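# Reading the structure
Here's the letter readout for the chains.
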Amino acid sequence: MTERDKHTAPRHALAVTNLRKVFERPVSLFRREALVAVDDVTFTVAPAETLAVVGESGSGKSTVAKMAIGLSTPSSGTISIEGRDSREFSRRELSRAMQMIFQDPYSSLNERRTVGDNIAMPLDAQGVAGSARRRRVAEVAELARVPSIALTRSPRDLSGGQRQRVAIARALATQPRILICDEPTSALDVSIQAEILELLRNLQAELSMAMLFISHDLAVVQDISSRIVVMRHGRVVETGATDEVLRSPSEDYTRKLLDSVPHLPALQDLAAKHGSADQEV
Amino acid sequence: MITSDASPLLDVRGLVIETGPVARPTRLVHDIDLTVRPGEVLAIVGESGSGKTLTTMSLIDLLPSGVRRIAGSAGFEGQDLYALKRVAMDRVRSDRIGIIFQDPMSSLNPSLRIETQLTEAFIAHGKGGRRQALDRATHLLNEVAIPNPKARLSQYPHELSGGMRQRVMIAMALMCEPSLLIADEATTALDVTVQKQVLDLLKEIQSKRSLSIVFVSHNLGAVAEIADTVMVMHRGALVERGPTLEVLTNPREAYTRRLVEAVPRLRTAGQARSQP
């Protein structure tokens, strides 16, 4: 751990240490081949901090997220939540501490239940019922800007962006201290993507949650995270403050990743446009 | 390189596409005109539901069922694509117009060797025999930078990586030496490093053959890299069109400006950033 890390991370919301995941896949009837998806990954997320994990497909970034929230069991290594080993957590405790938002808002919601019921799912798991349940659903719907009129509708009536807001409201229902976002805007149109990112950024600050933000998109990560972990082939390639890593990467792979992002020329601002229009005529 | 005074290779006029009951149809594409000159790369950009893919698919008669083209003409090499019978269209497709789709795995046949998929149309369209087809396939795989092309020919699609499959798709689209290439979100599903390689490859192939390309994409960064001209669509209608740099840096329409502004931009050491 560097000096800077010590300074910005006095206490961990989430810490993964020497995390490793090996998938065994059958090659033939008698032979299995081991695929090391995540290899010796260590990082920490401070309370109220957003840490981004970036990488290309097959880098292991999503597997790390799944292990962190308990959807996948690590082959070795430990995950600690606020200083306690996550294996000591009951499911209830875990769902109170940590929630997740997925990439595809079309498959992550239950279409047979109303939007309100979808949002209340983690509350139902906690045994919150009656007026407390109603109140909390209304609260988080407002936080995530889900219109109250939508609560009695089916997710089927909503657009992709609205569905992702519902998924965000659901994730907030139990007031988690840690929010894991796995490519939360990758399936959305660019204008909707901007709205959802803005919403996540504001919520994270307002509720001072720790956020683990998984993405393949460096430009998205730049504005939302304070620190970044670059992964490749299951390993951490580089880690550090987001601005520093993106401005002066110390690893070749990070540089290659940055150089590959297509360059969109800057938009001329409106004032400049009017200025030049005067001269043109 | 565009020859500006040349007559267009593709000239679409008054395209209207509808769906739903004939009595009460829903209009999906409103009166679109579109031209592509020889050697020009035209990008059609827009968000989902903008009609960019429907417009493009109408050219090769691949509209989804229940979606109808009710007006328009599409002049291409002296014929109207919209007036072609099925057999004639089959011939134009892959012979004169090559197509690259977003997901190479769904457009390559998983049970056929690369060799068969590359040579099938070439032989069927009477371009030559098996020997010539194989020579050309090897040559093209080489051109799209697939290492050891001879060995690849006997492999199946699942044995190749995503980037390799997209290269095979490009080689396949070029087999019959088409004059127009349609690339529908051709780089969208690829990782960013692979996307760059495929974009560079497309640019190289385009300039070498002065191929015309219709590049359909929602990725404005990729569009900025490859297109000469951009056409912005929104809800089935044309918003604006013009030279790529002009449209992307100095849009005339508010919608285009919002679209361009919404794209998250990477600020790196090489690029100056205006601090607020």
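This one's a predicted model, so the numbers in the text were calculated from it and none came from an experiment.

### A closer look at the overall build of chain A
The helix and strand inventory of chain A stands at eleven helices and ten strands. Each principal axis of the C-alpha atoms in chain A carries an extent, and together these give about 70 × 50 × 45 Å. Evaluated residue by residue, chain A yields a buried proportion of 41% over its 281 residues. Within chain A, residue pairs in contact and separated by at least 24 positions form 69% of the contacts whose partners lie at least 6 positions apart.

### As for the interface of chain B and chain A
Every contact between the two is made by 29 residues of chain B and, on the other side, 30 residues of chain A. Breaking the side of chain B that touches chain A down by element, the ones donating at least two residues are α8 (192-209), α9 (220-226), α10 (244-249) and α11 (254-262) of chain B. Counted by class, the side of chain B that touches chain A contains 13 nonpolar, eight polar and eight charged residues.

### Side note on the pairing of strand β3 (residues 41-45) of chain B
Residue and element names in this part refer to chain B. Where burial is concerned, most of β3 is hidden: five out of the five residues are buried. Covered by surrounding structure in β3 are V41, A43 and V45 together with L42 and I44, the residues of both alternating faces. Summarising the sheet, β3 and strand β8 (residues 212-217) pair through five bridges and their orientation is parallel. The residue of β8 that forms the bridge with I44 is V216. Taken together, the four bridges between β3 and strand β9 (residues 229-234) define a ladder with parallel strand orientation. The residue of β9 that forms the bridge with V45 is V232.

### As for helix α4 (residues 114-124) of chain B
Residue and element names in this part refer to chain B. Among the residues of α4, those classed as buried are I114, Q117, L118, T119, A121 and F122. Of the surrounding secondary structure, the elements contacted by the buried residues of α4 are α2 (86-95), α5 (130-143), α6 (149-153) and α7 (162-174). Positive backbone phi, approximately 65°, marks G126, located one or two places after α4.

### Some words on unusual backbone geometry
Residues and elements named next belong to chain B. The residue E77 is not glycine, and still its phi comes out positive at about 50°. Assignment of secondary structure puts E77 in the loop between β4 (67-76) and β5 (79-80). In this model, E177 sits at a positive phi of 55°, which is unusual for a non-glycine residue. As for its placement among the helices and strands, E177 is situated in the loop between α7 and β7 (180-184). For E177, a count of 14 C-beta atoms within 10 Å puts it in the partly exposed group.

### Let's talk about the sheet that holds β7(B)
All names here are of chain B. Judged by pairing direction, the sheet is mixed, and its six strands sit side by side in the order β6-β7-β8-β3-β9-β10 without closing on themselves. The open sheet has two edge strands, β6 (97-100) and β10 (237-243), and neither has a second partner. Sheet twist, expressed as the average angle between the axes of neighbouring strands with direction ignored, equals 15°. Note that β9 and β10 share six bridges and pair antiparallel. Bridge pairing in β10 links H234 to A237. The sheet contacts of α7 involve β6 and β7, and relative to β6 the element is tilted by about 170°.

### Observations concerning the nonpolar core
For soluble globular proteins, nonpolar side chains are generally found buried alongside one another. Core analysis: the largest hydrophobic core is formed by 75 residues, its most contacted members being B:A43, B:F215 and B:V223. Broken down by element, the residue count for this core peaks at eight residues, all from α7(B). Leaving out residues up to four positions away in the same chain, B:A43 has contacts with B:F215, B:S217, B:V223, B:A227, B:V230, B:M231 and B:T244. Counting residues in each nonpolar core, the second largest holds 73 residues, with A:V54, A:L179, A:L197 and B:V192 among its members.

### Focus: the confidence of the model for chain A
Residues and elements named next belong to chain A. Mean pLDDT for chain A: 90, with 92% of residues reaching 70 or above. Per-residue pLDDT stays below 50 along residues 3-10; that stretch engages in five contacts with residues further than four places along the chain or on separate chains. Confidence drops under pLDDT 50 across residues 275-281; counting only partners more than four residues distant or on other chains, this segment forms zero contacts.

### Some points on the confidence of the model for chain B
Residues and elements named next belong to chain B. Averaged over chain B, the pLDDT score is 90; the fraction of residues at 70 or greater is 95%. Every residue in residues 271-276 scores below 50 in pLDDT, and together they form one contact with partners more than four places removed in sequence or on other chains. Across the predicted assembly, pTM comes out at 0.84 and ipTM at 0.79.

### Remarks on the packing of helix α4 (residues 115-126) of chain A against helix α5 (residues 130-143) of chain A
When two helices pack together, their arrangement is captured by the angle between the axes and the distance separating the axes. Residues and elements named next belong to chain A. Remark: α4 packs on α5, axes separated minimally by 10 Å, with the N-to-C direction vectors making an angle of 115°. Classed by the angle they form, the pair α4 and α5 counts as roughly perpendicular. In this structure, the crossing between α4 and α5 has a hand that is right-handed. Of the residues in α5, those touching α4 at G116, I119, A120 and L123 are R133, R136, V137, V140 and A141. Partitioned by chemical class, the residues of the contact of α4 with α5 number six nonpolar, one polar and two charged.

### Points about the pairing of strand β3 (residues 50-54) of chain A
Residue and element names in this part refer to chain A. The element β3 is largely enclosed, with a buried count of five among its five residues. The two faces of β3 match: T50, A52 and V54 on one face and L51 and V53 on the other face are all buried. For β3 and strand β8 (residues 210-215), the ladder comprises five bridges, and the chain directions are parallel. Following the sheet pairing, A52 is matched in β8 by F213. Note: β3 against strand β9 (residues 227-232), four bridges, orientation parallel.

### Comments concerning the sheet that holds β9(A)
Residue and element names in this part refer to chain A. Judged by pairing direction, the sheet is mixed, and its six strands sit side by side in the order β6-β7-β8-β3-β9-β10 without closing on themselves. For this open sheet the edge positions go to β6 (98-101) and β10 (235-241), each flanked by a neighbour on one side alone. Across the sheet, the axes of successive neighbouring strands diverge by a mean angle of 15°, strand direction being ignored.

Thresholds, definitions, all that
- Residues numbered from 1 in each chain as written.
- Chains lettered and ligands numbered in written order.
- Predicted model: local features only at pLDDT ≥ 70, side-chain atom pairs only at ≥ 80, totals over all residues.
- Helix = DSSP H or I, 4+ residues; strand = E, 2+ residues; numbered from the N terminus.
- Buried ≥ 20, exposed ≤ 12 C-beta atoms within 10 Å, placed from the backbone.
- Contact = placed C-beta atoms within 7 Å.
- Nonpolar A, V, L, I, M, F, W, Y, C, P; charged D, E, K, R; others polar.
- Pairing = 2+ DSSP bridges.
- Axes fitted to C-alpha atoms, helices over the stretch in contact; angles between N-to-C directions.
- Core = buried A, V, L, I, M, F, W, Y, C linked by C-beta atoms within 7 Å.
- pLDDT = per-residue confidence, 0-100.
- Parallel < 35°, antiparallel > 145°, perpendicular 65-115°, else oblique.
- Left-handed = near helix turned anticlockwise from the far one by under 90°.

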